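# Working through the structure, step by step
Residues per chain are reported as follows:
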Amino acid sequence: MVAVAILAAGKGTRMKSQLPKVLHGLGGKTLVERALLSCESVNPSKRLAIVGYQAERVKESLAHYDSLEFVEQKEQLGTGHAIQQLIPHLKDFEGDVLVLNGDVPLLRSQTITKLWETHTTNKNAATLLTAQLPNPRGYGRVFCDNDNYVQHIIEDRDCTQAQKQNRRINGGVYCFNWPQLAAILPDLKADNDQKEYYITDVFSMMQPVMAVDVEDYQEINGVNDRRQLANADRILQARVKDAWMAAGVTLIDPDSITIDDTVTLHPDTIIEPQTHLRGKTEIASGCRIGPGSLIENSTIGENVTVLYSVVSDSEVEAGTRVGPYAHLRGQVKVGQSCRVGNFVELKKTSLGEKTNVAHLSYLGDATVGDRVNIGAGTITANYDGVNKHPTAIGDGTKTGSNSVLVAPITLGKDVTVAAGSTITEDVEDDSLAIARSRQTVKKGWRLQS
Ligand code: UD1
Ligand code: CA
């Protein structure tokens with residue numbers, strides 16, 4: 001039986017932020033969520049998060065994990081003190097506890113599984129993840145005997161110059177036999193440079209304690225400041241992009257592209273430079289996305305092109321062309337083989353099949369049928385200053401350039417709206433609507449000076 005506890009009570013002073021460190025985002029998730037999710041592979045029977053600094057905010061951000069228990073650490077007196085707070089919550093717990101710092105977001109599930117298996121097969125009192133770092137500055141140094149049994153851990157700031165030469169560092173990821181840990185936790189002392197209770201002090205009081213080196217040292221990168229956050233992001237991005245390229249997606253100038261690991265792509269899609277794919281986005285095969293596009297929480301069908309455009313919370317069906325410079329936002333649904341072109345904004349609007357909105361339009365709260373042509377500069381006046389109103393446009397209808405459709409309004413099927421009209425009344429099927437003043441020409445008229 002294994003419980004998971006995430007340390008998320010610290011402020012993260014080095015981030016210089018209003019936001020608690022563990023709530024900083026990385027590829028669409030917070031740091032603490034990433035730490036939590038990396039442990040799912042061991043099937044924990046209990047999940048605990050130790051919160052303190054801005055506890056309410058941290059709890060709120062994790063509220064959608066229903067089996068998560070919150071443990072309050074009122075004062076942040078160090079990582080050892082944080083784990084002491086678990087004692088009443090794990091009173092009769094006889095199993096092992098996996099403890100993770102909330103600021104270690106790049107762990108792979110297989111690494112956690114390996115830690116857990118090493119711990120159980122060797123019947124260790126404690127087991128921890130370590131790495132040999134090229135630059136170990138800032139991390140606790142782990143001193144072992146020749147068989148990987150840990151003797152003690154010394155924090156960077158408490159190390160002598162000679163001890164600092166040890167490049168084996170503590171990753172802040174531990175597995176403990178809980179009854180053995182609980183018995184010694186009350187004995188921790190704060191006799192160090194920071195006057196804090198360090199969890200790392202328990203290792204010299206337990207036996208046997210084994211260190212497991214991670215294969216890829218980048219996995220245990222801790223995030224303490226913005227530079228380390230940017231570095232973690234680079235590592236994560238490289239992983240995500242390598243995986244999609246291996247799965248048959250072309251990325252042109254991958255360094256300029258960002259892809260959240262919540263995104264799904266399909267083979268033979270081409271992602272062009274300066275494109276950013278975020279949230280729960282799925283892009284089918286045969287698409288060309290970018291250059292210069294942002295797609296967020298959206299579904300894109302096969303063979304769609306999106307050029308220099310922003311698409312959020314929307315759905316675009318197969319064969320449609322979007323852009324350049326289009327903005328689809330909030331519950332937009334564009335049918336198959338449509339064209340949404342230059343400087344067009346769609347909001348809460350659906351287009352049927354083979355419908356074109358090619359230039360300079362705003363359609364909001366509109367339901368548009370099939371084979372409709374929305375002329376250049378057509379605008380739905382959907383907002384009266386207080387409420388939003390709907391517009392409905394039937395199949396085969398054409399609006400002339402610079403039409404204003406004052407909602408609520410319905411245009412039937414096969415309607416033609418003359419250019420420059422301001423339409424305020426519904427128009428029946430098969431009709432022409434003209435709503436503009438007639439042109440007057442005064443022959444021979446000249447300005448008198
Ligand atoms: C810690 C380890 C260090 C290790 C490094 C790995 C200790 C004493 N040191 O150092 O050996 O190399 O992680 O990244 O453990 N936290 C609380 N309550 C507290 C203090 C901290 O919940 O009172 C949480 C923080 O929110 C954070 C985590 O514990 O998620 C680690 O704290 P941090 O201050 O970042 O420890 P490091 O100095 O990085
Ligand atoms: Ca840290």
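Residues numbered from 1 in each chain as written. Chains lettered and ligands numbered in written order. Predicted model: local features only at pLDDT ≥ 70, side-chain atom pairs only at ≥ 80, totals over all residues. Heavy atoms only, no water.

A word on the site of ligand 1. Ligand 1 sits among 26 residues. The nearest are L7, Q73, T79, E155 and N170. Between ligand 1 and L77, the relevant distance is 3.5 Å, taken from an oxygen atom to a main-chain nitrogen or oxygen of the residue. N101 places a polar side-chain atom, nitrogen or oxygen, 2.9 Å from an oxygen atom of ligand 1. About the coverage of ligand 1: the protein hides 90% of its 770 Å² of free accessible area. Across the shell around ligand 1, the residue classes tally to 9 nonpolar, 13 polar and 4 charged. (Near = heavy atom within 4 Å. Polar contact = N/O pair within 3.5 Å; in protein donor to acceptor, adjacent residues only side chain to side chain. Areas by Shrake-Rupley, 256 points an atom, 1.4 Å probe, with all protein chains shown as cover. Nonpolar A, V, L, I, M, F, W, Y, C, P; charged D, E, K, R; others polar.)

Looking at the calcium ion (ligand 2), the protein donor atoms are D103 (OD) and N224 (OD1), and they sit 2.3 to 2.4 Å from it. Of the two residues, D103 is situated in the loop between β6 (96–101) and α4 (109–121) and N224 in the loop between β11 (209–213) and α7 (226–246); the sequence distance between them amounts to 121 residues. Grouping residues by exposure puts D103 and N224 together as buried. (Donors = N, O, S within 2.8 Å, 3.2 Å for Na, K, Ca; no water. Helix = DSSP H or I, 4+ residues; strand = E, 2+ residues; numbered from the N terminus. Buried < 20%, exposed > 50% of the residue type's maximum accessible area, 1.4 Å probe, protein only.)

Let us now look at α7. Between its terminal C-alpha atoms α7 stretches 30 Å, which fits the 30 Å expected from 21 residues at 1.5 Å a residue. Every buried residue of α7 is accounted for by L229, A232, I235, L236, Q237, V240, K241 and W244. Buried residues along α7 sit in contact with β2 (25–26), α1 (31–37), β12 (250–251), β13 (258–259) and β14 (264–265). Between the side-chain oxygen of the N-cap and the backbone nitrogen of R227 there are 3.2 Å, and the N-cap of α7 in question is D225. One or two residues past the end of α7 sits G248, with phi positive at roughly 100°. (Expected span 1.5 Å × (residues − 1). Contact = heavy atoms within 4.5 Å.)

Under the domain assignment used here, the protein contains domain 1 (2–220) and domain 2 (247–433). The C-alpha-based centres of domain 1 and domain 2 are spaced at 48 Å. (Domains from an automatic or database assignment.)

The subject of this paragraph is the pairing of strand β5 (residues 68–72). Where strand β4 (residues 46–51) and β5 come together, 5 bridges link them in parallel fashion. Across the sheet, the residue bridging to V51 is E72, located in β5. (Pairing = 2+ DSSP bridges.)

The subject of this paragraph is the pattern of salt bridges. Throughout the structure, instances matching the rule amount to 16 salt bridges. Between D156 and R141 there is a salt bridge, and its shortest N-O distance comes to 2.8 Å. Here R141 lies in strand β8 (residues 141–144) and D156 lies in the loop between β9 (150–154) and α5 (161–164), a separation of 15 residues in the sequence. The class of R141 is buried, set by a relative accessible area of 2%. Residues D193 and R157 are paired through a salt bridge, measuring 2.8 Å at the closest nitrogen-oxygen approach. Pair noted here: D193 is in the loop between α6 (178–184) and β11 and R157 is in the loop between β9 and α5, with a separation of 36 residues, a long-range link. A network of salt bridges, in which partner residues are shared, links K29, R34 and D261. (Salt bridge = Lys/Arg side-chain N within 4 Å of Asp/Glu carboxyl O.)

By secondary structure assignment, the location of S337 is in the loop between β24 (326–334) and β25 (339–342). In this structure, the C-alpha to C-alpha distance between S337 and G140, residues 197 residues apart in sequence, is 58 Å. In contact with S337, not counting residues within four places along its chain, are A318, G319, T320, K354 and T355.

This paragraph deals with the nonpolar core. Core analysis: the largest hydrophobic core is formed by 53 residues, its most contacted members being I259, L277, I289, I300, L328, L346 and L351. Elements with a minimum of two residues in this core: α7, β22 (310–316), β24, β26 (344–347), β30 (366–368) and β36 (409–411). The leading source of residues in this core is α7, at 6 residues. Taken domain by domain, the makeup of this core includes at least three residues from each of domain 1 (2–220) and domain 2 (247–433). (Core = buried A, V, L, I, M, F, W, Y, C linked by side-chain atoms within 4.5 Å.)

Taken together, the side chains of K354, R371, K398 and K413 present a region of like positive charge at the surface. When you line up the elements, K398 lands in strand β34 (residues 398–399). (Patch = residues over 30% accessible without salt bridge, like charges linked within 9 Å, V, L, I, M, F, W, Y side chains within 5 Å. Lys, Arg positive; Asp, Glu negative; His and termini not counted. Charge placed at Lys NZ, Arg CZ, Asp CG, Glu CD.)

A few words on the state of the cysteines. Across all of its chains, the model carries 0 disulfides by this definition. Left without a disulfide partner, C39 is nearest to the cysteine sulfur of C175, which lies 9.6 Å away. Note on C159: no disulfide assigned, nearest cysteine sulfur contributed by C144 at a separation of 13 Å. (Disulfide = S-S within 2.5 Å.)

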